[in-house]
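Coordinate inspection notes
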Amino acid sequence: MPAKRTRTQATTTTSNSKGTSLTIKKIITKTSNKLAKGKTKETPSLPIFEPTRIANFSTKYPDQYWRCHAESGHGMLNYINEDYQLELINVDVHDQGPITGMTLSPDGTMLVTFSNVGSAKIWDTTDFRMIQKLRDTKFLETQIDEFFVGRFTFDQTKLVVGGKLKDRLRWSAEDDDNHILPCPLKIFDVISGKVIARLEGHAEEVLCIKSILYKGTPYYVTTSQDGYIIKWQMKDDWSTLVNSKKMEDGITCMAFTVSFVPNTGNRYFLAATDEHIRLFDFEAGQLMQTFSDMYSQYCDCGKFIFPVEPLEDNEPDIEIPDLEVAKSKFKKKKNPVAYFISRGVEILDTGEGTVASRRNVCILHKLIYPMRKGVPFKLEQVRKYQHEDYHANSWLMKISSNGRYLTAPTMTGQVMVFNLRTGEVTSILRDHEEDLEVRDVIFHPWKPLLFTCADDGCVKVYTYKDMKSTFPQVRVTFKKVNIEKNVSHFDKIQEVKVQHLENASELVPIVRIEATLNERETEVDISDVETSLTEL
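Within each chain, residues carry numbers counting from 1 in the order of the written sequence. Local features in this predicted model are restricted to residues whose pLDDT is 70 or higher, and side-chain atom pairs enter the listing and the counts only when it is 80 or higher, whereas totals over whole chains, interfaces and linings include all residues. Hydrogens and water are ignored here; the side-chain numbers use all heavy atoms of the structure.

**Regarding the overall build of the protein**
Helix and strand definitions follow DSSP, with helices as H or I runs of at least four residues and strands as E runs of at least two, each counted in order from the N terminus. On a plain count of helices and strands, the protein comes out with four helices and 35 strands. Every one of the 536 residues in the protein was classed for burial, and the buried ones make up 54%. Look at the contacts in the protein between residues 6 or more apart in sequence, and 58% of them connect residues 24 or more apart. In the structure as shown, the protein presents an accessible area of about 24200 Å², 47% of it carried by carbon and sulfur atoms. Buried residues are those whose accessible area, probed at 1.4 Å on protein chains only, stays under 20% of the maximum for their type, while exposed residues exceed 50% and partly exposed ones sit between those limits. Only heavy atoms matter for contacts: two residues are in contact if any of them lie within 4.5 Å across the pair. Surface accessibility follows the Shrake-Rupley procedure with a 1.4 Å probe radius. Residue values consider only the protein chains on display as shielding.

**Section: the pairing of strand S29 (residues 425–429)**
At least two bridges found by DSSP between two strands is the condition for calling them paired. Two elements, strand S28 (residues 415–419) and S29, share four bridges in a ladder whose sense is antiparallel. Its bridge partner being in S29, Phe418 is matched across the sheet by Val425. Connecting the antiparallel pair S28 and S29 is a turn made up of five residues, with Gly423 showing a positive phi of about 80°.

**What about the packing of aromatic side chains?**
Stacked, edge-to-face and tilted labels apply to pairs of Phe, Tyr and Trp rings (six-membered ring for Trp) whose centres lie within 6.5 Å, assigned for plane angles under 30 degrees, over 60, and everything in between, in that order. Per the counting criterion, the structure on display carries 23 aromatic pairs. Ring centres of Phe147 and Phe188 lie 6.1 Å apart, and the angle between their planes is 80°; this geometry places the pair in the edge-to-face category. Placement of the pair is Phe147 in strand S9 (residues 143–152) and Phe188 in strand S12 (residues 183–189), with a sequence separation of 41 residues. Phe188 shares its class with Phe147; the two are buried. Among the aromatic side chains, those forming a connected cluster through ring pairs are Phe57, Tyr61, Tyr214, Tyr219, Phe260, Phe269, Phe280 and Phe282. Put simply, a charge is over a ring when the Lys NZ or the Arg CZ is close to the ring centre, within 6 Å, and near the line of the ring normal, within 35 degrees. Its guanidinium or amino end placed over the ring of Phe282, Lys231 lies 4.8 Å from that ring's centre, counting from NZ or CZ. Note that Lys246 overlies the ring of Tyr228, its terminal NZ or CZ placed 4.4 Å from the centroid.

**Some thoughts on the sheet that holds strand S6 (residues 110–115)**
Overall, antiparallel pairing links the four strands, which are arranged S5-S6-S7-S8 in an open sheet. Strands at the two margins of the open sheet, each flanked by one partner only, are strand S5 (99–104) and strand S8 (130–134). Direction aside, neighbouring strands of the sheet carry axes that sit 20° apart on average. The sheet contact formed by S5 and S6 spans five bridges and is antiparallel. The partner of Leu104 across the bridge, within S6, is Leu111. Axes, fitted as lines to C-alpha atoms, cover a helix only where it is in contact. Angles between the N-to-C directions of the axes lie from 0 to 180 degrees.

**A few points about the side chain of Glu146**
Along the chain, Glu146 falls in strand S9. A relative accessible area of 12% places Glu146 in the buried class. Under the rule applied, a polar contact is a pair of N or O atoms within 3.5 Å (in protein, one hydrogen donor and one hydrogen acceptor; residues adjacent in sequence only if both atoms are side-chain atoms). Separated by 2.6 Å, the side chains of Glu146 and Lys166 make a polar contact. Those residues within four positions of Glu146 in sequence are excluded, and the remaining contacts are Ser115, Asn116, Gly118, Gly162, Gly163, Lys164, Lys166 and Asp177.

**Some words on the sheet that holds S29**
With antiparallel pairing, the four strands of this open sheet are ordered in space as S26-S27-S28-S29. On the outer flanks of this sheet lie strand S26 (400–401) and S29, each paired with one strand and no other. By the bridge criterion, two bridges tie S26 to strand S27 (residues 405–409) in an arrangement that is antiparallel. Counterpart to Ser400 in the pairing with S27 is Thr407.

**Remarks on the pattern of salt bridges**
We define a salt bridge as a side-chain nitrogen of Lys or Arg found within 4 Å of a carboxyl oxygen belonging to Asp or Glu. Under the criterion given, the structure shown has 23 salt bridges. For Lys186, the salt bridge is made with Asp136, and the minimal N-O distance between the two is 2.7 Å. Taken as a pair, Lys186 in strand S12 and Asp136 in the loop between S8 and S9 lie far apart in primary sequence, 50 residues in all. A relative accessible area of 3% places Lys186 in the buried class. Using a relative accessible area of 7% as the deciding quantity, one classes Asp136 as buried. Residue Arg421 pairs with Asp313 through a salt bridge whose shortest N-O separation is 3.1 Å. Of this pair, Arg421 sits in the loop between S28 and S29 while Asp313 sits in the loop between strand S22 (298–305) and helix H2 (323–328), placing them 108 residues apart in sequence. The exposure class of Asp313 is exposed, given its relative accessible area of 76%.

**Quick look at the nonpolar core**
In terms of nonpolar packing, the biggest core is built from 46 residues, with Tyr220, Leu270, Ile277, Leu279 and Phe291 touching the most fellow members. Discounting chain neighbours no more than four positions away, the residues touching Phe291 are Leu270, His276, Ile277, Leu279, Phe377, Lys378 and Leu379. Residues grouped as a nonpolar core are buried Ala, Val, Leu, Ile, Met, Phe, Trp, Tyr and Cys residues, joined through side-chain atoms within 4.5 Å. Within the second largest apolar cluster, 18 residues are counted, among which are Cys301, Ile305, Ile341 and Ala392.

**A closer look at the side chain of Arg278**
Relative to the elements of secondary structure, Arg278 occurs in strand S20 (residues 276–281). Within polar-contact distance, the side chain of Arg278 engages the side chain of Thr290 at 3.1 Å. Setting aside residues no more than four positions away along its own chain, Arg278 makes contact with Asp249, Ile251, Thr252, Phe269, Leu270, Ala271, Thr273, Leu287, Gln289 and Thr290.

**Quick notes on the confidence of the model for the protein**
Confidence scores here are pLDDT values: one per residue, from the predictor, ranging 0 to 100. Averaged over all residues, the pLDDT of the protein equals 81, while 74% of them reach at least 70. Within the model, pLDDT remains below 50 along residues 1–42, and this stretch shows 102 contacts once partners closer than five positions in the same chain are excluded. Per-residue pLDDT stays below 50 along residues 468–536; that stretch engages in 128 contacts with residues further than four places along the chain or on separate chains.

Next up, the structure:
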């Protein structure tokens, strides 16, 4: 059995708005004696990156990422600054304990929140009512669930959830908490709310879940505090396990997040592990490269981004890396690159152990693709994002980006909004409880909405402060005609829901037209709508 890593932690107790006591783990000192996992054995040969082969492979299996971003025209929040200010929407999205993570359904109609009280709540993103609550009730008398992360299947009928599982009847003095049990993935049927499958493999907390297709085959990819990254091959129903494989490198103590390298057909991914960023070959299940010297304690989150404007002065344009084009113009064109954002945790000072030894930062990296077989990738630092109010020295916090801005949670109830190109802070969101960690931030892909969740057990939902001045205006007139004939006219419009109204007229901002087809005879007069489409 692999040697268990040493965990050196302390706990602090605080209270949320409901007055209930919360135990929040915070790293105090770096583990000084990380133990090697397993016995020394012959290291297999490392996979070799072959540009031409991967270019052909990515053409056969193209990426599905970044269809929505700040400039895609789908309705995502674009600018966040003094001219385009955000304000809270008055909604009640909450749980009884800290909300440690969120995810959206593939079509954006549902938001799921994951809480350390062992519940996953599903919310409608139109009226923000709760439409389902998922709990595993089978072992409630002997086990305690904490849900951290989750992911919808592509058909939205199932939700795979991960987190921490504890023994209700046994205490751990080391953790100052109930004894941790092996932590399975739990697959829920969204309609019935029942657990229909459990995937066993991780010994400790599950920290990240991805669902991908590789060569057309369904996989989950998970990371854990046990230091392992596991790929789970599934049948087409996404609930029946075919096989699983741990990506054993013998050195990783904590694996936090994974993000797949663009334009490689999901063959490679970068993982935030320990204080490093590591490059893995997904198919081979092997570590290829390690990039170090970024954070002194942990690198707990990393994501590829699609910038909508040049991030460097010598960068002429923005495009997804095309290995085949770059290869054919090798003598004329630079190596293709992809941009990657990371954040991390620093060692605390040697005094009272309460202040980070270095200022907290997020880092913009440039991953440079090799152009010749056998040459390694390069990861270069482009820019650091920092601010005197950016205090984020607590792990399990996730950053996000719409391609123009970086949103970075803090441990003081705030979310910093950095301009990706300039590094300047353009906004600070201060609506969660002070001195509590904000855990996650999500941009809605086709609505002008931003979601944040925190240890105060609440989700804050933001939109533009002045929608009428931010979006084009259009007068919508309803008449007695068949609406089906004109649905195509609304495909590119960015907001406003068309209700079953007759003989009504109102001035509304464009948000998204959702024309409901039924036997009722209604139609929208589209003369002004067509004009607005031209303006867009």
